[in-house]
Amino acid sequence: MFNKILIANRGEIACRVAATARRLGIKTVAVYSEADAGAKHVAVCDEAVLIGPAAAKESYLCGDKIIAVALATGAEAIHPGYGFLSENADFADACKAAGLVFIGPPASSMRAMGSKSAAKSLMEHADVPLVPGYHGDEQDPEFLQAQGDRIGYPVLLKASAGGGGKGMRVIEKSEDFKAALASCKREAISSFGDDKVLAEKYLTRPRHIEIQVFADSQGNCVYLHERDCSVQRRHQKVLEEAPAPNMPPERRAAMGQAAVAAAKAVGYVGAGTVEFIANQDGSFYFMEMNTRLQVEHPVTEMITGTDLVEWQLRVAFGEPLPMAQHDMAIHGHSIEARIYAENPEKGFLPSIGTLRHMDTPDAVSFELGAGANGDPAPVRIDSGVREGDAISPFYDPMIAKLIVWGADRTQALARMSTALAEFRIVGLATNIAFLKRLVEGSAFAQADLDTGLIERNGDTLFPAPAAAPLGALAFGAVALIAAEKQAAVAVSANRDDPFGNALGWRLNGNYRRQLSFADDYTAGTEQKDYKLGVTYHTGGWHLDLDGVEADMELLARDGAELSIKLGAASMHGAVRRDGENFHVFTGGRHFVLAYNDPMAHAGELETAGGRLTAPMPGKVVAVLASKGQQVKKGDPLVIMEAMKMEHTIAAPADGLVEEILYQVGDQVADGAPLLAFAVE
Ligand code: ADP
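Scoring rules and cut-offs
- Residues numbered from 1 in each chain as written.
- Predicted model: local features only at pLDDT ≥ 70, side-chain atom pairs only at ≥ 80, totals over all residues.
- Heavy atoms only, no water.
- UniProt positions renumbered as here; feature names shortened; annotations may be inferred.
- Near = heavy atom within 4 Å.
- Polar contact = N/O pair within 3.5 Å; in protein donor to acceptor, adjacent residues only side chain to side chain.
- Areas by Shrake-Rupley, 256 points an atom, 1.4 Å probe, with all protein chains shown as cover.
- Helix = DSSP H or I, 4+ residues; strand = E, 2+ residues; numbered from the N terminus.
- Nonpolar A, V, L, I, M, F, W, Y, C, P; charged D, E, K, R; others polar.
- Disulfide = S-S within 2.5 Å.
- Expected span 1.5 Å × (residues − 1).
- Buried < 20%, exposed > 50% of the residue type's maximum accessible area, 1.4 Å probe, protein only.
- Contact = heavy atoms within 4.5 Å.
- Pairing = 2+ DSSP bridges.
- Salt bridge = Lys/Arg side-chain N within 4 Å of Asp/Glu carboxyl O.
- Phe/Tyr/Trp six-rings, centres within 6.5 Å; stacked < 30°, edge-to-face > 60°.
- Lys NZ or Arg CZ within 6 Å of the ring centre and 35° of its normal.
- Domains from an automatic or database assignment.

The name recorded for the protein chain in an unreviewed UniProt entry is 3-methylcrotonyl-CoA carboxylase, from Massilia eurypsychrophila. What UniProt records for the protein chain under Cofactor (unreviewed entry) is the sentence "biotin".

1. Considerations on the site of the ligand
Inspection of the region around the ligand gives 22 residues, with Lys116, Gly165, His208, Gln232 and Glu288 positioned closest. Here a nitrogen atom of the ligand and a backbone polar atom of Leu203 are 2.9 Å apart. A distance of 3.2 Å separates an oxygen atom of the ligand from a polar side-chain atom of His235. In the complex, the protein chains occlude 96% of the 560 Å² of accessible area that the ligand would expose alone. Breaking the shell around the ligand down by element, the ones donating at least two residues are β7 (155–159), β9 (197–201), β15 (270–278) and β16 (284–290). In terms of residue class, the shell around the ligand is built from 7 nonpolar, 8 polar and 7 charged.

2. Let's talk about the state of the cysteines
The full count for this structure, using the stated rule, is 0 disulfides. A disulfide-free cysteine, Cys95 has its sulfur positioned 14 Å from the sulfur of Cys62, the nearest such atom.

3. Focus on helix α8 (residues 177–192)
Between its first and last C-alpha atoms α8 spans 21 Å; for 16 residues at 1.5 Å apiece the expected length is 22 Å, and the two agree. All buried positions along α8 are accounted for by Phe177, Ala180, Leu181, Ser183, Cys184, Lys185 and Ala188. Buried residues in α8 make contact with α7 (141–151), β7, β8 (168–171) and β9.

4. Description of the sheet that holds strand β5 (residues 101–102)
Reading across the sheet, the 5 strands line up as β3-β2-β1-β4-β5 and stay open at both edges, with parallel pairing between neighbours. The two strands at the open ends of the sheet, each matched to only one other strand, are β3 (47–52) and β5. For strand β1 (residues 4–7) and strand β2 (residues 27–33), the ladder comprises 4 bridges, and the chain directions are parallel. When the sheet's bridge partners are listed, Ile7 is paired in β2 with Ala30.

5. Things to note about the pattern of salt bridges
Scanning all chains against the criterion turns up 45 salt bridges. For Arg205, the salt bridge goes to Asp450, with nearest N and O atoms at 3.0 Å. Here Arg205 is found in the loop between β9 and β10 (207–215), whereas its partner Asp450 is found in the loop between α14 (442–445) and α15 (453–456), with 245 residues between them in sequence. Looking at Arg205, the relative accessible area reads 36%, which means it is partly exposed. For Asp450, a relative accessible area of 2% puts it in the buried group.

6. Some details on the packing of aromatic side chains
With the rule as written, the count across this model stands at 16 aromatic pairs. Relative to Trp311, the ring of Phe214 has its centre 5.2 Å away and its plane inclined at 65 degrees; by these criteria the two rings are edge-to-face. Of this pair, Phe214 sits in strand β10 while Trp311 is found in helix α11 (residues 308–316), placing the two residues 97 residues apart along the sequence. When the ring of Phe582 is compared with that of Tyr595, the centres are 6.1 Å apart and the planes differ by 90 degrees; the resulting orientation is edge-to-face. Highlighted residues: Phe582 in strand β32 (residues 581–586) and Tyr595 in strand β33 (residues 589–595), separated in sequence by 13 residues. For the pair Phe582 and Tyr595, a shared accessibility class is recorded, and that class is buried. Among the aromatic side chains, those forming a connected cluster through ring pairs are Tyr60, Phe84, Phe394 and Tyr395. Sitting over the ring of Phe444, Arg409 keeps its end group 4.5 Å from the ring centre.

7. Looking at the domain arrangement of the protein chain
How big an interface is tends to be reported as the loss of accessible area on association of its parts. Assigned domains of the protein chain: these are domain 1 (4–103), domain 2 (132–201), domain 3 (208–331), domain 4 (332–462), domain 5 (470–595) and domain 6 (611–679). Computed over C-alpha atoms, the centres of domain 2 and domain 6 are 35 Å apart.

In structure tokens, the structure reads:
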């Protein structure tokens, strides 16, 4: 086996590869950019070498620098992870030329599968079923439109060099063909440097089912069953599971054999994934092959009891596959949720910032091994960040992959829902609440799966913002009062001072105060103010909020964890304070309540101009208003671009633009005021 490998990646996958290497006694070399000097992957590897500035094309995409580091540190092989250089055939060739092993397939297999069009031609010859369409070289618009007409609408255009859900256009009718083609080609050339497109039948209500394959250099090739990745947003995976619900064994075998045929057709070696699109009736077609380890590989590991990174290392070293096809059983059910720093309510806009608090469910990270009775661990977390780390604008804003295993799908679902409720993050927006609604929603629970599941269930997945319940405010109040008491106790520690006692006891009857909280601002939600009346009495408090009243008692407190009795109900929750914001986690939900401290803001005038600040670091791409201009509420004022997405800053009310503080092309920091605005 190798003595030392270099991991040419970052984040969770670099940590994941390092965990297996450590278990096998293989030394690891990390590479990192300036932005990642303090990153987890640097800490978990045996050595780490700086390779350049934050921008990936000056660091993680610099194959020559990485090869030089491998040679200088004595690494024998390079594991590329996923993304970055993992599907770059030239890099694989360069490794070989430098005498290093590229832990992945031969460059020729990557080239064969790199173009969706070329891959389809190959698959056609290997008798792998294809979606009806056109994937030839002829790119004349008239010709392509005639192909679209022949295929029948709706038709899907794809960039042949595309990936990550980019460069795709759905066309509903022939008249729209040329415009969609032009726009698809524009995106293809700017994203992939190649404007070749293919056209295929657009399936309605399809499922995305992919097969994990593995081949060794002795000519063995097996499939490790399927993953269902149908739950997607904008063609990007959100939840993945294995096995696919309602998969008859004969179809599993047929898809597995088709995937093995696809791998053999390109002389494949190593881990690969053959993606199929399937109709509800079970008919399936080849979409593409990913010539690397996938993000969602853990669900396969959970149900097959394998370590796919270990297999990759063994195969790259020249060993045969550890298992034969007939040994490949399925044990239980596994689901993965991708936890992202993003704001689903704001169109999944990435959220940048520091993970000020991160509480995770009880879980093992990969290296810690399995659960009871030889079963896999019920909960596994693969993450490249720790509490205190930042999610930066330079890379994918993934926080963690949360993976659960259950004896069956029902148990896995229940575990996922509990684990999501225990995943508590303060400091940036996350998709956790959205994921929880998704896994608890009836469509996913009943395995009514297709790629349109999220769009179709928008009403329940994106509920209208509702007022925080009394229970959430009760936790905020208890945490606040406890903090006050602690501060008072600290002040009076060496004095016998009755006024240091903040219990609220008053000689003349019960003391009542009013606490003012507000929902934290998020675009599109109405900000609501809460005036919570708190009357102190022996042993507890009486709360009143907008005519709803209840007695409250603090039953137990352990750091941030609180148990209270509210009316007749016992409730458990946690409160994390971040400045004036009280993050209340209870009942699997997360409420952000901004405390309006009457002392802190005495004499300070609230600026009514709303927050015309940059929601994240980025570049100003358009300024749509000018100094002195009267605007209406909702008018777009400035457009920013960050993380390859545009974000429009709109007028919060009717008013006057007093000053524009940035110009097109300027880089702005997170939270920087973009313009001065006066509300009318
Ligand atoms: P990428 O390489 O960008 O990920 P894929 O070819 O893998 O592109 O397709 C991504 C997703 O787009 C699929 O998972 C599926 O949801 C959808 N998709 C692809 N082809 C079709 C099709 N012919 N009909 C309907 N949906 C499709």
